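Fold and geometry: a report
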Amino acid sequence: MEDLFGIEQNVLDEAVKYAAELKNGAAFEPSKFETIVKEYGRLLKQLRRVTKISDRTTVTLNTSKHDLLDKVHYDALTGIYNRRFMEDSLKRIVRSLSRHGGTLSVMMMDIDYFKKYNDTYGHSEGDTCLKAVAEALAGCLSRADDFVARYGGEEFTVILPDTDQSGARVMANKILRCVRALEIPHEKNEAASCVTISIGVTTSEVAHAHQGVDYIKRADEALYQSKQRGRNRYTYVDFREEI
């Protein structure tokens, strides 16, 4: 591409020089003036062309940036939020709720006997199962601030800001029903004949000393109790600062 700034400077220098000549009494030469005008017009066309290219490039870069951010936030397999997004969002939510003593409920859950499901039906069917469960979990949530994320493997996390213990229990039962309603056969599931999940739930009024990881750890402890009690159920445990 031409050096447009160099051309611009040359045109400007030529115009200044010609203006000085006229000022000093030189005769006006229409042809010389016309040459300067033509050069300036050609420069403007080039600058407009470069500006259009620059605008298109900026739009493309912004689109690519947003696409990249989406990929960073979402799980590639299930399409729901990923663990990184969940952890970053949970930190912000805890900070926000702690300012006015808001209530937070967190759930940890996983698919019952999922390894046996993969061993029985194959990993391709396992991926299909994960997608179906993730979609069911997302479909259970109706409030804008609530969200579900894939924590890893067959584990999921549900974050429920401004939800008390009663609301969390209602949501846990709803999620259990939604997953069972998928009626995905699972002959090696010792808790039922179809795919089910186990859930751990905890709730607390958020204090300044709380951290997001505290809620995850406590909900995970509750999830472990659900597994010990036979799976295909939820267990609620009170949140404590001394975890």
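Just above sits the structure.
For the structure given in this document, a descriptive report is provided here. The shown structure was predicted, so the numbers you read here are calculated from the model rather than taken from an experiment. (Residues numbered from 1 in each chain as written. Predicted model: local features only at pLDDT ≥ 70, side-chain atom pairs only at ≥ 80, totals over all residues. Heavy atoms only, no water.)

**Notes on the side chain of Thr78**
Mapped onto the elements of the fold, Thr78 is located in the loop between α2 (30-73) and α3 (83-98). On the basis of relative accessible area, Thr78 is assigned to the buried category, the value being 15%. A polar side-chain atom of Thr78 sits 2.7 Å from a polar atom in the side chain of Asp75. In contact with Thr78, other than residues within four places in its own chain, are Leu130, Lys131, Ala134 and Arg150. (Helix = DSSP H or I, 4+ residues; strand = E, 2+ residues; numbered from the N terminus. Buried < 20%, exposed > 50% of the residue type's maximum accessible area, 1.4 Å probe, protein only. Polar contact = N/O pair within 3.5 Å; in protein donor to acceptor, adjacent residues only side chain to side chain. Contact = heavy atoms within 4.5 Å.)

**A word on the environment of Asp146**
Inspection of the secondary structure puts Asp146 in the loop between α5 (123-140) and β2 (147-152). Of the residues examined, Asp146 reaches a relative accessible area of 8% and is grouped as buried. With residues up to four places along the chain from it excluded, the contact list for Asp146 reads Leu141, Ile159, Leu160 and Pro161. Of note is the side chain of Asp146, whose polar atom sits 2.8 Å from the side chain of Arg143.

**Overview of the packing of aromatic side chains**
Taken as a whole and assessed by the stated rule, the structure comprises seven aromatic pairs. Residues Tyr74 and Tyr81 carry aromatic rings whose centres are separated by 4.9 Å and whose planes lie at 20 degrees to one another, so their mutual orientation is stacked. Note on Tyr74: relative accessible area 33%, which makes it partly exposed. Residue classification places Tyr81 among the partly exposed positions, given a relative accessible area of 24%. Taken together through their ring pairs, the aromatic side chains of Tyr74, Tyr81, Phe85 and Phe147 make up a single cluster. Here Arg83 stacks its cationic end above the ring of Tyr151, 4.0 Å away from the centre of that ring. Between the NZ or CZ atom of Arg231 and the centre of the ring of Tyr113, over which it lies, the distance is 4.3 Å. (Phe/Tyr/Trp six-rings, centres within 6.5 Å; stacked < 30°, edge-to-face > 60°. Lys NZ or Arg CZ within 6 Å of the ring centre and 35° of its normal.)

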